[in-house]
Amino acid sequence: MSAGSNQRSEDQFLCSICLEVFTDPVTTPCGHNFCNNCITQHWDVIVKYICPLCKEIFPSRPQLRVNTFIREMVDQFRHEAQQEASSSSEQQAAKPGEVPCDVCTGTRLKALKSCLVCLTSYCQTHLEPHLTLSGLKRHQLVEPVENLEDRMCRKHDKPLELFCKTDQTCVCLLCSVLDHKTHEFVPLREEYEGKKAELEKTDAEVQLMIQKRRLKIQELKESMKISKDAADRETAEGVQVFTALMESVQRGLEELLEEIQDKQKAAEKQAEDFIKDLEQEISELMKRSSELKQLSRSEDHLHLLQSFCSLNAAPPTKDWTEVQVRPASYEGTVVRAVSQLEETLRKQMKMFELKKVQQDAVDVTLDPDTAHPDLVLSDDGKQVYDSDVRKNLPDNPERFSLCPGVLGHQSFSSGRFYFEVQVKGKTDWDLGVARESITRKGNIILRPQDGFWTVWLRNGNEYKAVDDPPVHLHLQSGPEKVGVFVDYEEGLVSFYNVDAAALIFSFTGCCFTEKLYPFFGPCTNNGGKNSSPLIICPVNQSDGFP
């Protein structure tokens, strides 16, 4: 008999009460079969005589007779099963974790079944009496288990077959009619299935909790990586900045010392030149003194008189009365050097700030579907100017109707981005960013309340940040190239004079909830005075400091 056919046969010969192969099968009047002992004990503890399967109620206790046909089929099944077990498997010693046979002496073999009546586990050989002897065939056999005593009621010495839902404990049949008479019972298998389903549900919940925590660990690791990468970048930038600053300080110190040394050397040279001239005059005067002394000692009257006129005239000398060498003045030298150093450091910090935001540069092109009909866009989408000539274009919802403006193709709803625009040669312009839902028809005010964050130029020298109220900007020099930087999460929009590396203005504390688009307003042509285009430039991210 094959394993598959054996399994199908066993399913046909299972008692619905003990869930084991029939022992002394009997048939009820309703036609259902049970072990004689199982149905007898069942009716011993149940007030009404009910069929456990179909629930038919009998007026009196039925007379049960052995179903000889089923008994013969069961005996044949047991015989075939035993033969199959004998031919298909070899006796093996019990391994760790397996239930050993309680009867074996010496090497204890692996148990095939455990008897809940004998409270003993049997290997294939020692199980045979339970399969052949009529007295033992009525015993309840189960898959091999350890600690069989724990499966018996300690009070009544009966198998624990029921579960008391009231007391949440396993009981035997006698417990159900004696100690737990009014309680609610279910078969162990039914409670087992329920508890198993409950455990599987709990395990699914635990697995979900584990998965969530693994995801949180992954999230934390990713956060740590992002934090470390940011720390590494900030460290590298800090080293670069402070190295440049220390180099500037060192250069400033060297220039200060060189200036002091130059002044000292100049004073020393002047004094040395004076001393050299004085020593020359002293030499000539000593020579004349010697000649005078020699002539004064002459006894030759004629010679003295003849030589006197030539020696009497004093040699040419300098009036040294007012001549002096003043010590070099160093007053203010250190202060001036420190002031120059501060200015250099200030410029370097501005340059560093600009270089930092330039790292978030993005490629921006103009969107012709949003451009006012007077505007002319280059083929590459990088330049725009006003032509004073209205083109016949479809008035789609995205297009500006009165405001001479155009948006960028690209939108941004998170992170940081930066772009640069050349404004050289223009007398009027508007630059900034705008949210997606801005009004594009009719008169428009370019202020934050209406979705615009912009800076503009008017009349060639009037700069304003279009806030409410507008902020007049006093710039040392007009920018030829403007950088626009946005930090979406920080709510920051900043404008830079790129060539001067100077901050023009910042909108802070903004609350962005929509997509943001770059905004370009070349303003009207003004009869050719403002015909130069706005040009989106590539960002030059040179390394280091000037």
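Each value, and the rule that gives it
- Residues numbered from 1 in each chain as written.
- Predicted model: local features only at pLDDT ≥ 70, side-chain atom pairs only at ≥ 80, totals over all residues.
- Heavy atoms only, no water.
- Pairing = 2+ DSSP bridges.
- Helix = DSSP H or I, 4+ residues; strand = E, 2+ residues; numbered from the N terminus.
- Contact = heavy atoms within 4.5 Å.
- Axes fitted to C-alpha atoms, helices over the stretch in contact; angles between N-to-C directions.
- Salt bridge = Lys/Arg side-chain N within 4 Å of Asp/Glu carboxyl O.
- Buried < 20%, exposed > 50% of the residue type's maximum accessible area, 1.4 Å probe, protein only.
- Patch = residues over 30% accessible without salt bridge, like charges linked within 9 Å, V, L, I, M, F, W, Y side chains within 5 Å.
- Areas by Shrake-Rupley, 256 points an atom, 1.4 Å probe, with all protein chains shown as cover.
- Lys, Arg positive; Asp, Glu negative; His and termini not counted.
- Charge placed at Lys NZ, Arg CZ, Asp CG, Glu CD.

Draft legend 1. Molecular detail of the sheet that holds strand β7 (residues 120-122). Within the open sheet, the three strands sit side by side as β7-β6-β8. Their pairing is antiparallel. One side of each edge strand has no neighbouring strand; the edge strands of this open sheet are β7 and β8 (141-142). Two strands pair when backbone bridges link them, and strand β6 (residues 113-115) and β8 are joined in this way by two bridges, in the antiparallel orientation. Counterpart to Cys-115 in the pairing with β8 is Leu-141. Where helix α4 (residues 124-132) meets the sheet, it contacts β6, β7 and β8, and its direction lies at approximately 110° from that of β7.

Draft legend 2. Summary view of the pattern of salt bridges. Scanning all chains against the criterion turns up 24 salt bridges. A salt bridge links Asp-24 to Arg-138, with the nearest nitrogen and oxygen atoms 3.5 Å apart. Placement of Asp-24 in the loop between α1 (3-12) and β1 (25-27) and of Arg-138 in the loop between α5 (134-137) and β8 is noted, with a sequence separation of 114 residues between them. Taking the relative accessible area as the measure of exposure, Asp-24 reaches 24% and is therefore partly exposed.

Draft legend 3. Examining the environment of Val-493 more closely. Turning to its location among the elements, Val-493 is positioned in strand β21 (residues 492-497). Relative accessible area serves as the criterion here: at 0%, Val-493 is assigned to the buried category. Measuring from C-alpha to C-alpha, the distance between Val-493 and Asn-147 comes to 76 Å, with 346 residues separating the pair along the chain. Once residues lying within four places of it in the same chain are set aside, the contact partners of Val-493 are Val-433, Trp-453, Phe-485, Val-486, Phe-505, Ser-506, Phe-507 and Phe-512.

Draft legend 4. Here's a closer look at the sheet that holds β1. With antiparallel pairing, three strands are arranged side by side in an open sheet as β2-β1-β5. Two strands close off the open sheet at either side, each with one partner strand: β2 (33-35) and β5 (65-66). When β1 meets β5, the two strands line up antiparallel, connected through two bridges. What sits directly across from Val-26, in β5, is Val-66.

Draft legend 5. Expanded view of the side chain of His-156. When you line up the elements, His-156 lands in the loop between β8 and β9 (162-164). Sequence-distant contacts of His-156, that is, excluding residues within four places in its chain, are made with Cys-172, Leu-174, Cys-175, Leu-178 and Asp-179.

Draft legend 6. Fine view of a negative patch on the surface. Judged by side-chain charge, Glu-254, Glu-255, Glu-258 and Asp-262 come together as a negatively charged surface patch. The exposure class assigned to Asp-262 is partly exposed, which follows from its relative accessible area of 44%.

This is a description of form; function is not addressed.
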